[in-house]
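Here is what each chain is made of, one letter per residue.
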Amino acid sequence: MKKTIKLLSAFAILLCVSAFTINKPTPNDGYKIGDVAADFSLKNVDGNMVSLSDYNDAKGFIVTFTCNTCPFAVAYENRIVALDKKYASKGYPVIAIMPNNTDIKPGDNLEAMKDRAESKGFTFPYLIDEEQTVYPKYGATKTPHMFVLQKSDKGNVVKYIGAIDDNYKDASAVTTKYVEAAVDALLEGNEVKEKETKAIGCSIKV
């Protein structure tokens, strides 16, 4: 009888662990190429709430999950600013989202984000995913992690996922600019050739 109770208890624990594992976001969860990305409403560094639906004239978006504290994200900041300056006027603005748990990374809190945005002259919204509900939907795992969306009758369709380019260490040594190639193809009415690459960066802190 005792053995049966022990077995039942072990089985119950296993079920609980399995349920937790199923619900916990994994690197394979999230949007795939061709999926329609849901809208969101997140707080910007200026205190206003920002949604994709606010951009009536946009043709799409360059969504980046990034932060203040990751060396990879910092290395890419100027290139993210350059992307917005190049493509916002063409209908593809940058939307930056900070996904980290700020209890773990206090250097990524809203005040620090405000300081960073001001010091770097961000020309795009820098939003905080305070409840950490948006980045799992996208399947973002790194900072930075890039998603190019194209607006359509169905909604904002995911057209590219991955890295900004092929050299995080040295912008002058880049040979392939993945995000630029994706946006240029969409602006020209063409299919994106390289739809997915591996995002290089720090793991998102949960």
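Before reading further, recall that the structure is shown in the block above.
Here's a quick rundown of the structure. (Residues numbered from 1 in each chain as written. Predicted model: local features only at pLDDT ≥ 70, side-chain atom pairs only at ≥ 80, totals over all residues. Heavy atoms only, no water.)

1. Notes on helix α5 (residues 178-187)
In an α-helix, one turn spans 3.6 residues, which is why side chains three or four residues apart end up on the same side. With seven of 10 residues buried, α5 is to be regarded as a mostly interior element. Looking at the packing, one finds that the buried side of α5 touches β4 (60-65), α2 (71-87), β8 (145-151) and β9 (156-162). After α5 finishes, the residue glycine 189 shows a positive phi value of roughly 80 degrees. (Buried < 20%, exposed > 50% of the residue type's maximum accessible area, 1.4 Å probe, protein only. Helix = DSSP H or I, 4+ residues; strand = E, 2+ residues; numbered from the N terminus. Contact = heavy atoms within 4.5 Å.)

2. Observations regarding the packing of aromatic side chains
Scanning the entire structure with this criterion turns up eight aromatic pairs. Geometrically, the ring pair formed by phenylalanine 122 and tyrosine 126 is edge-to-face, given 5.4 Å between the ring centres and 75 degrees between the ring planes. The burial state of phenylalanine 122 is the same as that of tyrosine 126; both residues are buried. Arranged with centres 5.1 Å apart and planes meeting at 80 degrees, the rings of tyrosine 138 and phenylalanine 147 form a pair that is edge-to-face. Phenylalanine 147 matches tyrosine 138 in its accessibility class, with the two residues each being buried. (Phe/Tyr/Trp six-rings, centres within 6.5 Å; stacked < 30°, edge-to-face > 60°.)

3. Some thoughts on the sheet that holds strand β6 (residues 126-128)
With mixed pairing, the eight strands of this open sheet are ordered in space as β1-β9-β8-β4-β5-β6-β2-β3. A strand with exactly one partner marks an edge of an open sheet, and here the two such strands are β1 (36-37) and β3 (49-50). Bridge analysis of strand β2 (residues 42-44) against β3 gives two bridges, and the strand direction is antiparallel. Paired with lysine 43 across the bridge in β3 is methionine 49. Sitting on the sheet, α5 touches β4, β8 and β9, and the angle it makes with β8 is about 5 degrees. (Pairing = 2+ DSSP bridges. Axes fitted to C-alpha atoms, helices over the stretch in contact; angles between N-to-C directions.)

4. Focus on the pairing of β9
Side chains on a regular strand alternate between the two faces of the sheet. The buried fraction of β9 amounts to seven of the seven residues, a majority that puts the element mostly inside the structure. With two bridges connecting them, β1 and β9 associate as antiparallel partners. Bridge pairing links alanine 37 to asparagine 156 in β9. With six bridges joining them, β8 and β9 adopt antiparallel strand pairing. Residue pairing in the sheet places glutamine 150 in a bridge with valine 157 of β9. Taken together, β8 and the strand that follows it, β9, pair antiparallel across an intervening segment of four residues, in which glycine 155 is found at a positive phi of about 135 degrees.

5. Thoughts on the state of the cysteines
Scanning all chains against the criterion turns up one disulfide. Linked covalently through their sulfurs, cysteine 70 and cysteine 202 form a disulfide whose S-S length is 2.2 Å. The chirality of the disulfide connecting cysteine 70 with cysteine 202 is right-handed, given an S-S dihedral of about 85 degrees. In this pair, cysteine 70 is assigned in the loop between β4 and α2 and cysteine 202 in strand β10 (residues 202-203), connecting sequence segments 132 residues apart. (Disulfide = S-S within 2.5 Å.)

6. Some words on unusual backbone geometry
A cis geometry characterises the amide bond from threonine 143 onward to proline 144, with omega recorded as 0 degrees. The residue proline 144 is located in the loop between β7 (142-143) and β8 in this model. Phi at glutamine 132 is positive, roughly 55 degrees, even though this residue is not glycine. One can find glutamine 132 in the loop between β6 and α4 (134-138). A relative accessible area of 18% places glutamine 132 in the buried class.

7. Some thoughts on the nonpolar core
Of all hydrophobic cores here, the largest spans 33 residues; its most connected members are Ile62, Leu83, Tyr126, Val148, Tyr160 and Val179. Listing elements by their share of this core, those giving two or more residues are α2, β5 (94-98), α3 (110-120), β6, β8 and α5. Tyr31, Leu52, Val63 and Phe65 belong to the second largest nonpolar core, which has 22 residues in total. (Core = buried A, V, L, I, M, F, W, Y, C linked by side-chain atoms within 4.5 Å.)

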